[in-house]
Amino acid sequence: MIHRISVLLSLCLTLFPFWTGSGVPTSPQGTDMIKKEAFGTSPDGKPVDLYTLKNKHGMEVRAMTYGGAIVSIRVPDRKGHFDDVALGFDKADDYTAKVPYFGAIIGRYGNRIANGKFTLDGKEYTLPKNDGPNSLHGGNKGFDKIVWEAEPFEKPDEVGVIFKHTSPDGDEGYPGNLKMTVTYMLTDKNELIFEYHATADKATPVNLTNHTYFNLAGDGQRDILGHELMLNADSFTPVDKTLIPTGKIVSVKGTPFDFTKLTVIGARIDQKDEQLILGHGYDHNFVLNRKDKGLTLAARVYEPTTGRVMEVSTTEPGVQFYSGNFLDGTLTGKQGHVYKLRYGFCLETQHYPDSPNEPSFPSTTLRAGQTYHSTTVYKFSTR
Ligand code: GLA
């Protein structure tokens, strides 16, 4: 037994020379908290790098330069056992065109723009229609399908990567050169922070988000219907049959959309509610209750079997709660796990869908000379 353990230990040290394998840093320089390695190639043949970030509690986040995508998030359960709570693939080559945005940075416009059209300052712009009649998540080649430049950094209480990209004028039909940095930080408080900055040289809609699919039970091996969810939202934006908001902001009271108290996700998902039928489950934007424009709690998720808790705070006015309704068992993810219906959920912090065509919604227009700034924090704990 002891022999087996020491063989295992030396194997760990050979494979991960900077780490003990237990999450305890071994290098006095502290360079053990961040690692870069090759991760295959993007569908257009560019080399992709993978960054592994680790904090002092052993929490580990991996993100790759293709799509700036989160590849894995390893957090402990209430007994201290680590599992991966994000869906994804073992190598970049698996992230083909058919992948539903696992972990990726979404833009230029996260969510849908009706009929792939909007008018800004009197000029009409046409976008690719990649979701029925609508344009979804930035078009055919959104920010999830490009290789981002990356720059790692280390501070006393956090490690991170700054992803950089400039989307050219006319990219997927959007106006203006859009220069972006998206900073990922893993803190010693078990927080994964996304901070988005952008500037443009012409007015353009911008709505950046992250599309990680979570399964707090770990390793994407069962559906997420037993998770309990709280959304800090008294209202939501109902949709039409193509998932475009009707423009109304409706109270959640007395509907299956009332998550103001922790509620089991699966408790009402099959009710014959018009909005649930249109969304094939939950695929809706919730209007967050907020007192000011600062970081506000958007959501809390609790997984009872493992005790894992995830809290989402954001500066955004909305969050898309998507219950993984289009996962259908055709994708085989990490460690050969097949991702079936509702094996993951997303909480995409954002401005409301179709805002460029809905003057009553908070504006998503970034003008030349202004700076776009948005922050979202995913904090992990147990109870
Ligand atoms: C978003 C959308 C969903 C779906 C997923 C990707 O969450 O709102 O309708 O398109 O992305 O499959």
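The notes below deal with the structure included here. (Residues numbered from 1 in each chain as written. Predicted model: local features only at pLDDT ≥ 70, side-chain atom pairs only at ≥ 80, totals over all residues. Heavy atoms only, no water.)

1. Examining the packing of aromatic side chains
Ring pairs (aromatic) are described by centroid distance and by the angle formed between their planes.
Part 1 of the argument: Going through the model one piece at a time under the given rule, you end up with 23 aromatic pairs.
Part 2 of the argument: Between tyrosine 352 and phenylalanine 361 the ring centres are 5.1 Å apart and the planes differ by 80 degrees, which places this aromatic pair in the edge-to-face class.
Part 3 of the argument: We classify phenylalanine 361 as buried; its relative accessible area is 5%.
Part 4 of the argument: Within the aromatic cluster, the residues linked to one another by ring pairs are Phe89, Tyr95, Phe102, Tyr213, Tyr322, Phe326 and Tyr339.
Part 5 of the argument: A cation over a ring is seen here: arginine 268 above phenylalanine 259, with NZ or CZ 4.8 Å from the ring centre.
Part 6 of the argument: Just above the ring of tyrosine 302 sits the side chain of arginine 383; from NZ or CZ to the centre is 3.6 Å. (Phe/Tyr/Trp six-rings, centres within 6.5 Å; stacked < 30°, edge-to-face > 60°. Buried < 20%, exposed > 50% of the residue type's maximum accessible area, 1.4 Å probe, protein only. Lys NZ or Arg CZ within 6 Å of the ring centre and 35° of its normal.)

2. Re the pattern of salt bridges
Part 1 of the argument: Within this structure, the stated rule accounts for 14 salt bridges.
Part 2 of the argument: Aspartate 49 is the partner of lysine 36 in a salt bridge, and the nearest nitrogen-oxygen pair spans 3.8 Å. Within this pair, whereas lysine 36 is found in strand E1 (residues 34–41), its partner aspartate 49 is found in strand E2 (residues 47–54), the two being separated by 13 residues in sequence.
Part 3 of the argument: For aspartate 49, a relative accessible area of 23% translates into the label partly exposed. (Salt bridge = Lys/Arg side-chain N within 4 Å of Asp/Glu carboxyl O. Helix = DSSP H or I, 4+ residues; strand = E, 2+ residues; numbered from the N terminus.)

3. Quick notes on the site of the ligand
Part 1 of the argument: In the neighbourhood of the ligand, 13 residues make up the surrounding shell, with Arg112, His137, His211, Asp283 and Glu348 lying closest.
Part 2 of the argument: With respect to the ligand, the side chain of histidine 211 contributes an N or O atom lying 2.8 Å from an oxygen atom.
Part 3 of the argument: Among the residues making up the shell around the ligand, the classes are represented as seven nonpolar, three polar and three charged. (Near = heavy atom within 4 Å. Polar contact = N/O pair within 3.5 Å; in protein donor to acceptor, adjacent residues only side chain to side chain. Nonpolar A, V, L, I, M, F, W, Y, C, P; charged D, E, K, R; others polar.)

4. Some remarks on the nonpolar core
Part 1 of the argument: Within the largest apolar cluster, 60 residues are counted, with the highest numbers of intra-cluster contacts made by Ile73, Phe286, Met310, Phe321, Leu347 and Phe380.
Part 2 of the argument: Once you skip the residues sitting within four places of it in the chain, phenylalanine 380 turns out to touch Met59, Ile73, Val75, Val85, Asn190, Phe214, Leu216, Val309 and Met310.
Part 3 of the argument: Formed by 23 residues, the second largest nonpolar core is a distinct cluster that contains Ala69, Leu87, Leu136 and Tyr322. (Core = buried A, V, L, I, M, F, W, Y, C linked by side-chain atoms within 4.5 Å. Contact = heavy atoms within 4.5 Å.)

5. Observations regarding the sheet that holds strand E21 (residues 283–287)
Part 1 of the argument: Reading across from one edge, E19-E18-E21-E24-E27 is the order of the five strands in this open sheet, with antiparallel pairing throughout. If you trace the sheet from one side to the other, it starts and ends with strand E19 (250–251) and strand E27 (346–350), each paired once.
Part 2 of the argument: Pairing geometry for strand E18 (residues 235–237) and E19, over two bridges, is antiparallel. Each bridged residue has a counterpart across the sheet, and for serine 235 the counterpart in E19 is serine 251. (Pairing = 2+ DSSP bridges.)

6. Overview of the side chain of glutamate 348
Part 1 of the argument: Structurally, the position occupied by glutamate 348 is in strand E27.
Part 2 of the argument: Here glutamate 348 is buried and forms no salt bridge, its nearest opposite-charge partner arginine 112 lying at an N-O distance of 7.4 Å.
Part 3 of the argument: Within the local environment of glutamate 348, its side chain forms a polar contact with the side chain of histidine 211, the two groups lying 3.5 Å apart.
Part 4 of the argument: Every residue in contact with glutamate 348, bar those within four places of it in the chain, is listed here: His137, Thr209, Asn210, His211, Gly318, Val319, Gln320 and Tyr322. (Lys, Arg positive; Asp, Glu negative; His and termini not counted.)

7. Some remarks on the pairing of strand E14 (residues 191–200)
Part 1 of the argument: Summarising burial for E14: seven of the ten residues are buried, a large majority.
Part 2 of the argument: Across nine bridges, strand E13 (residues 178–187) lies against E14 in antiparallel orientation. For methionine 180, the partnering residue across the bridge sits in E14 and is alanine 198.
Part 3 of the argument: The antiparallel pairing of E13 with E14 creates a hairpin that spans three residues between the two strands, and asparagine 190 there sits at a positive phi of about 60 degrees.
Part 4 of the argument: Direction of pairing for E14 relative to strand E29 (residues 372–382): antiparallel, over a ladder of eight bridges. Bridge pairing in E29 links glutamate 195 to threonine 375.

8. Topic: the environment of tyrosine 66
Part 1 of the argument: Relative to the helices and strands, tyrosine 66 is located in the loop between strand E3 (60–64) and strand E4 (70–76).
Part 2 of the argument: With relative accessibility at 6%, the residue tyrosine 66 sits in the buried group.
Part 3 of the argument: Taking the C-alpha atoms as reference points, tyrosine 66 and lysine 91, 25 residues apart in sequence, are found 11 Å from one another.
Part 4 of the argument: If sequence neighbours within four positions are ignored, tyrosine 66 has contacts with Ser42, Pro43, Val48, Tyr95, Asp144, Lys145, Ile146 and Val147.

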